[in-house]
Amino acid sequence: MSHKIEKDLICIICPNGCRLHGTLTEGGELEVTGNRCVRGKTFAGRELTDPTRSLTTTVKTAFDDFPYLPVRTDGEIPKYAIAKVLEELRSVLVTERMTCGDVVLENAAGTGVKIIATANLYA
Ligand code: SF4
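The notes below deal with the structure included here.

Rules of the game
- Residues numbered from 1 in each chain as written.
- Predicted model: local features only at pLDDT ≥ 70, side-chain atom pairs only at ≥ 80, totals over all residues.
- Heavy atoms only, no water.
- Salt bridge = Lys/Arg side-chain N within 4 Å of Asp/Glu carboxyl O.
- Helix = DSSP H or I, 4+ residues; strand = E, 2+ residues; numbered from the N terminus.
- Buried < 20%, exposed > 50% of the residue type's maximum accessible area, 1.4 Å probe, protein only.
- Near = heavy atom within 4 Å.
- Nonpolar A, V, L, I, M, F, W, Y, C, P; charged D, E, K, R; others polar.
- Pairing = 2+ DSSP bridges.
- Axes fitted to C-alpha atoms, helices over the stretch in contact; angles between N-to-C directions.
- Contact = heavy atoms within 4.5 Å.

Describing the pattern of salt bridges
- Taken as a whole and assessed by the stated rule, the structure comprises three salt bridges.
- For E6, the salt bridge is made with K4, and the minimal N-O distance between the two is 4.0 Å.
- Among the salt bridges present, the one from D65 reaches R97, with a minimum N-O distance of 3.2 Å. Of this pair, D65 sits in the loop between β5 (56-61) and β6 (68-73) while R97 sits in the loop between β8 (93-94) and β9 (103-105), and the two are 32 residues apart along the sequence.
- What makes D65 partly exposed here is its relative accessible area of 46%.
- Residue classification places R97 among the partly exposed positions, given a relative accessible area of 41%.

Focus: the site of the ligand
- Taken together, C11, I13, C14, N16, G17, C18, N35, R36, C37, R39 and G40 form the complete shell of residues around the ligand.
- Residue classes in the shell around the ligand are distributed as five nonpolar, four polar and two charged.

Digging into the sheet that holds strand β1 (residues 5-10)
- Read across the open sheet, the three strands follow the order β1-β2-β3; overall the sheet is antiparallel. Of all strands in the sheet, those with a lone pairing partner are β1 and β3 (30-33), marking the two edges. Taken over all neighbouring pairs, the strand axes of this sheet differ in orientation by 15° on average, direction set aside.
- In the sheet, strand β2 (residues 19-24) pairs with β3 via four bridges, with the strands oriented antiparallel. Counted as the bridge partner of L24 is L30 from β3.
- Each of β1, β2 and β3 touches helix α1 (residues 38-49); the most contacted strand, β1, lies at about 125° to it.

Geometric descriptors of this kind do not, in isolation, establish any biological role.
Listed below in structure tokens is the structure:
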């Protein structure tokens, strides 16, 4: 680690939403304050080094009775890849009647993560 990284964060692991202050020292040591449990420290460590997120959004369909299909990633993707995944999803048009859990897109933006339907595509 060549430089110190410091960030104020809100832990999103549970509804308590603790306000954290995380520091990653030049020596790679993680210091976290404000966390009420150890999961907050793990979260802060990830946010300071390799932040990831699940993504939920919608994609267009070819069906007038259901023009948008709600979808989500089937795992977490790097935060920096979110814009790329959203851009790729803008060009997706669903032309089959899908059900919840069906794969809409494999390997979204090269992340290795799938995009799956979170609703049935019929009334
Ligand atoms: S630090 Fe622990 S208690 Fe606080 S929001 Fe994160 S998971 Fe919840």
